[in-house]
Amino acid sequence: MTNCPFCNTRLKEDRRELLKGVFAKVEVCPKCEEEWVSGEEHDRMMNLFKRKAFLTGGSLAVRLPREIAQALKIKDGSELSFKVAKNKVIIEPS
Ligand SMILES: [Zn+2]
């Protein structure tokens, strides 16, 4: 736990909901209400929302992070549908 770089008040741990059921840990200054994310938590978030595609059989696959799958109630064998838009693939539970 660190102190606020602006007012030197001890920061409090809190969490922010990024999307329903997916949280990021933040440190909040109770005095000036600034928020910080640790380098480690930043890396964890980057890893959560950025994945590499890989070949499996003749197809490309992407692993869905467990935290996001749980938030969307997607399990092994769940049926998913996807939409393809310009430079986007939108995957959702059917
Ligand atoms: Zn402060």
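Sequence order as written defines the numbering, with residues in each chain counted from 1. This being a predicted model, a pLDDT of at least 70 is required before a residue's local features are given, and a value of 80 or more before pairs of side-chain atoms are given or counted; all residues contribute to the totals for chains, interfaces and linings.

Right, let's get into the domain arrangement of the chain. In many reports, interface size means the accessible area that the parts give up when they come together. The domain architecture assigned to the chain consists of domain 1 (1–50) and domain 2 (61–94). In this document the domain limits rely on a domain assignment from an automatic tool or a database. Placing the centre of domain 1 and that of domain 2 at their C-alpha centroids yields a distance of 27 Å. The interface of domain 1 with domain 2 comprises five residues on the first partner and five residues on the second. We call two residues in contact whenever the C-beta atoms placed from their backbones are within 7 Å.

Judged by pairing direction, the sheet is antiparallel, and its three strands sit side by side in the order E1-E2-E3 without closing on themselves. Single-partner strands in this sheet number two, and they are strand E1 (12–19) and strand E3 (35–36). Across two bridges, strand E2 (residues 22–28) lies against E3 in antiparallel orientation. Across the sheet, the residue bridging to Val-28 is Glu-35, located in E3. For two strands to pair, DSSP has to find at least two bridges joining them. Helix and strand assignments come from DSSP, with helices taken as H or I runs of at least 4 residues and strands as E runs of at least 2, each series counted from the N terminus.

Relative to the assigned elements, Asn-3 resides in the segment before E1. Counting other C-beta atoms within 10 Å of each residue's C-beta, where C-beta atoms are placed from the backbone, gives the exposure class: buried for 20 or more, exposed for 12 or fewer, partly exposed between. Residue class for Asn-3 comes out exposed when judged on the 12 C-beta atoms lying within 10 Å of it. If near-sequence neighbours (up to four positions away) are discounted, Asn-3 is found in contact with Asn-8, Thr-9, Arg-10 and Leu-11.

On to unusual backbone geometry. Trans peptide bonds make up the majority, and among non-glycine residues the majority have a negative phi. Phi at Asn-8 is positive, roughly 65°, even though this residue is not glycine. Along the chain, Asn-8 falls in the segment before E1. The backbone of Glu-33 shows a phi angle near 65°, a positive value even though the residue is not glycine. Residue class for Glu-33 comes out exposed when judged on the 8 C-beta atoms lying within 10 Å of it.

Quick look at the environment of Ile-74 now. You can see Ile-74 is positioned in the loop between helix H2 (66–71) and strand E6 (80–85). Residue Ile-74 is classed as partly exposed on the basis of its 17 C-beta neighbours within 10 Å. Placed 10 residues apart in sequence, Ile-74 and Leu-64 show a C-alpha to C-alpha distance of 9.3 Å.

Another aspect to go through is the pairing of E6. Among the six residues that make up E6, zero are buried, leaving the element largely open to the surroundings. The loop that links E6 with its antiparallel partner strand E7 (residues 88–93) comprises two residues; one of these, Asn-87, has a positive phi angle of about 60°.

Moving on: the pairing of E2. Remark: a regular strand shows side chains that alternate across the two faces of the sheet. Where E1 meets E2, seven bridges bridge the pair, whose relative direction is antiparallel. Paired with Lys-12 across the bridge in E2 is Val-28. With antiparallel pairing between neighbouring strands as the criterion, E1 and E2 make up a hairpin whose turn holds two residues, including Gly-21 at a positive phi of roughly 90°. Joining the antiparallel neighbours E2 and E3 is a turn of six residues, in which Glu-33 adopts a positive phi near 65°.

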